[in-house]
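Notes for the structure review
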Amino acid sequence: MKSLLLPLLAVGAVTAVVSTTPPAPTGKWQPLKISRYFWAEGACAADVNGDGKTDILSGPYWYAGPDFKTLNKIHPDTKSFNAADKSVVPGYEGELSGKNAYSENFLSYAHDFNGDGKPDYLVVGIPNKETLWYENPGAKGGDWPRHVAVASTDNESPMLVDINGDKQPDLLCMSGGKIGYATFDAANPTAIWKWNAITPVDNKTFQRYTHGIGHGDINSDGRTDILEKCGWWEQPANWDGTTPWTFHPATFGDKGGAQMFGYDVNGDSRTDVISSLDAHGYGVCWFEQNADGTWKQNLLTDTQKEKGSTGVAFTQPHALDLVDLNGDGTLDIITGKRFWAHGPTGDPESDQTPVIYAFMLTRKAGQATFTAEIIDDNSGIGCQVMAKDVNGDKKPDIISANKKGCFVIIQK
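Figured I'd write up the structure that's included with this text. (Residues numbered from 1 in each chain as written. Predicted model: local features only at pLDDT ≥ 70, side-chain atom pairs only at ≥ 80, totals over all residues. Heavy atoms only, no water.)

**Re the overall build of the protein chain**
Convention followed: Runs of E in the DSSP output that reach at least two residues are strands. Runs of H or I that reach at least four are helices, and both are numbered from the N terminus. For this measure, only C-alpha atoms enter the radius of gyration; the expected value for a globule follows 2.2 Å times N^0.38, where N is the number of residues. Using a 1.4 Å probe on the protein chains alone, a residue whose accessible area is under 20% of its type maximum counts as buried, one over 50% counts as exposed, and one in between counts as partly exposed. We call two residues in contact when some of their heavy atoms are within 4.5 Å. Areas reported here follow the Shrake-Rupley algorithm with a probe of radius 1.4 Å; residue values treat only the protein chains shown as occluding. His is not counted, nor are the chain ends; Lys and Arg add positive charge and Asp and Glu add negative charge. Charge placement uses NZ in Lys and CZ in Arg. For Asp and Glu, CG and CD serve respectively.
From N to C terminus, the protein chain includes 1 helix and 29 strands. In terms of overall dimensions, the protein chain is globule-like: its C-alpha atoms have a radius of gyration of 20 Å, near the 22 Å expected for 412 residues. On the principal axes, the C-alpha backbone points of the protein chain span a range of 60 × 50 × 45 Å. Every one of the 412 residues in the protein chain was classed for burial, and the buried ones make up 56%. Contacts in the protein chain between residues at least 24 apart in sequence constitute 49% of all its contacts with a sequence separation of at least 6. Carbon and sulfur atoms make up 50% of the accessible area of the protein chain, which totals about 16600 Å². Computing the positive centroid from 36 side-chain charges and the negative centroid from 51, the protein chain places the two 5 Å apart.

**Concerning the sheet that holds strand S25 (residues 356–364)**
Keep this limit in mind: A strand pair is defined by DSSP finding two or more bridges across the two strands. Axes here refer to lines fitted to C-alpha atoms; in helices the fit is confined to the stretch in contact. Angles between the N-to-C directions go from 0 to 180 degrees.
Here we have 4 strands laid out as an open sheet, ordered S23-S24-S25-S26, and antiparallel in their pairing. One side of each edge strand has no neighbouring strand; the edge strands of this open sheet are strand S23 (320–323) and strand S26 (367–376). Averaged over all pairs of adjacent strands, the angle between strand axes in this sheet comes to 25°, irrespective of strand direction.

**Topic: the pairing of strand S3 (residues 55–58)**
Judged by which residues are buried, S3 turns out to be covered on both faces: Asp 55 and Leu 57 on one side and Ile 56 and Ser 58 on the other are all buried. In terms of strand pairing, strand S2 (residues 44–46) meets S3 through 3 bridges, oriented antiparallel. Across the sheet, residue Ala 45 finds its bridge partner in S3, namely Ile 56. Pairing analysis gives 3 bridges linking S3 to strand S4 (residues 61–64), with the strands arranged antiparallel. Bridging from a neighbouring strand, Ser 58 pairs with Tyr 61 of S4. The turn joining S3 and S4, which pair antiparallel and follow one another in sequence, is formed by 2 residues; a positive phi near 60° is taken by Gly 59.

**A few points about the sheet that holds strand S13 (residues 178–183)**
Strand order in the open sheet formed by 7 strands is S8-S9-S10-S11-S12-S13-S14, with antiparallel pairing between adjacent strands. Edge positions in the open sheet fall to strand S8 (107–111) and strand S14 (194–197), since each of these has one partner strand only. Taking each pair of neighbouring strands and ignoring which way they run, the sheet shows an average axis angle of 40°. When strand S9 (residues 120–124) meets strand S10 (residues 129–134), the two strands line up antiparallel, connected through 4 bridges.

**Remarks on unusual backbone geometry**
Here Gly 65 and Pro 66 are connected by a cis peptide whose omega angle stands at 10°. Tracing the chain through its elements places Pro 66 in the loop between S4 and strand S5 (70–73).

**A short note on the pairing of S26**
The pairing of S25 with S26 spans 9 bridges and is antiparallel. Bridge pairing links Lys 364 to Gln 367 in S26.

**Focus on the nonpolar core**
For the record, the criterion: Nine residue types can take part in a nonpolar core, namely buried Ala, Val, Leu, Ile, Met, Phe, Trp, Tyr and Cys, and a core is a set of them joined through side-chain atoms within 4.5 Å.
The biggest cluster of nonpolar side chains holds 80 residues, and the ones touching the most others in it are Ile 56, Leu 57, Leu 122 and Trp 193. For this core, the element with the highest residue contribution is strand S11 (residues 146–161), accounting for 5 residues. Setting aside anything within four residues of it in sequence, one finds Trp 193 in contact with Phe 113, Leu 122, Trp 133, Ala 149, Val 150, Leu 160, Leu 171, Ala 182, Thr 183 and Phe 184. Of all hydrophobic cores here, the second largest spans 14 residues; its members include Val 323, Ile 334, Val 385 and Ala 387.

**A look at the environment of Gly 380**
Its place among the elements puts Gly 380 in the loop between S26 and strand S27 (385–388). Along the chain, Gly 380 and Gly 405 lie 25 residues apart, while their C-alpha atoms are 9.9 Å from each other.

**Focus on the side chain of His 215**
If you trace the backbone, His 215 turns up in strand S15 (residues 213–216). The residues contacting His 215, other than those within four sequence positions of it, are Met 159, Val 161, Ile 163, Leu 172, Thr 224, Asp 225, Leu 227, Met 260, Phe 261 and Gly 262.

**A closer look at the environment of Asn 82**
As for its position among the elements, Asn 82 is in strand S6 (residues 80–82). The class for Asn 82 is exposed, based on a relative accessible area of 56%. For Asn 82 and Asp 328, which are 246 residues apart along the polypeptide, the C-alpha to C-alpha distance reads 49 Å. Aside from chain neighbours lying at most four places away, what touches Asn 82 is Ser 87 and Val 88.

**As for the pattern of salt bridges**
How we decide: The term salt bridge refers to a pairing of a side-chain nitrogen on Lys or Arg with a carboxyl oxygen on Asp or Glu at a separation within 4 Å.
This model, assessed by the stated rule, comprises 9 salt bridges. For the salt bridge of Arg 223 with Asp 221, the shortest nitrogen-to-oxygen distance reads 2.8 Å. The partly exposed category is assigned to Asp 221, whose relative accessible area is 26%. Two residues, Lys 255 and Asp 278, come together in a salt bridge whose shortest N-O distance is 3.8 Å. Of this pair, Lys 255 sits in the loop between strand S18 (246–249) and strand S19 (259–263) while Asp 278 sits in the loop between strand S20 (272–276) and strand S21 (284–289), and the two are 23 residues apart along the sequence.

Below you can see the structure in the form of structure tokens.
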């Protein structure tokens, strides 16, 4: 990661503070720090043991719901470091050491890959490394059997989502200088997943540390298209599996940010795009699709050059999720500040408050308005942030993991 780190250090050294002082979180949210150790930059949720309670999976463990106080090992947890007092601290170096390190777990997803009725655990590793899935052993317990899904996964925001419309999730990512998606064979789930490249080779643009990738039906033809910071790739009606998809250039951020979503923000029946401009800099926004297929950028948070519509500013919006947070029928944006993406001094404003925000969408008279709501000010996000109901009250909660630990923030 050194090739990426050095220029970011130079930027951070000369950048003036833009972040706003966040308001105190309201009593609407109850933060739970379920681990103080840095094992992963992502977390997910599923009922691991079939007891009807949602559990959290992150790093080498799953944490049993509903209180998440009991941890259970998924795979070996031998990583540790020596603290200043010579004590051995589990996990990777992060907040507890005051130093920077990188986890081998960038993102986590849960799905029953082998069809046995138990959720398994998908771990997207550090870019250019393997994506693994761990098979839930059920009642017999013990370490979960390990299987390689994809030998080399690139991009820092891969997503587990159905791309080809077969009702089972695919891994949307980059690999070998191409954008594509990997599919698993339900009849032979332990086999290496099939790689489906949808672009020509571009080793400079589609490299291991590329930021930003996503999905959505951009042209409303009923098929899922693929998003990246330079535009969108149109899924053909009858793809032959080899011919590159049609590319439509657009600018969805100069440097690339987080996960990207296609969604009709303003209700005009055209799919818009939601993302962040720079995973290590500033800017959460949505891009409005005009009738002629051009795009208008609508900035929600401040950047160094422009004010956003919500009056909020923070750096490192490295992850994003889209969910109906308040049950009003529109999808809201969940994002925040990735804590110490490159360590305590590696990015602009690394030392500012590690916030998580919701940007609540309201539609009125054909116009879309987002209102900022702070969720937490002592956790932040990682390469992933996930909204999911973990306590069964039908309201989405927030799951996050980073160099401060692992968090569940309950919506009361």
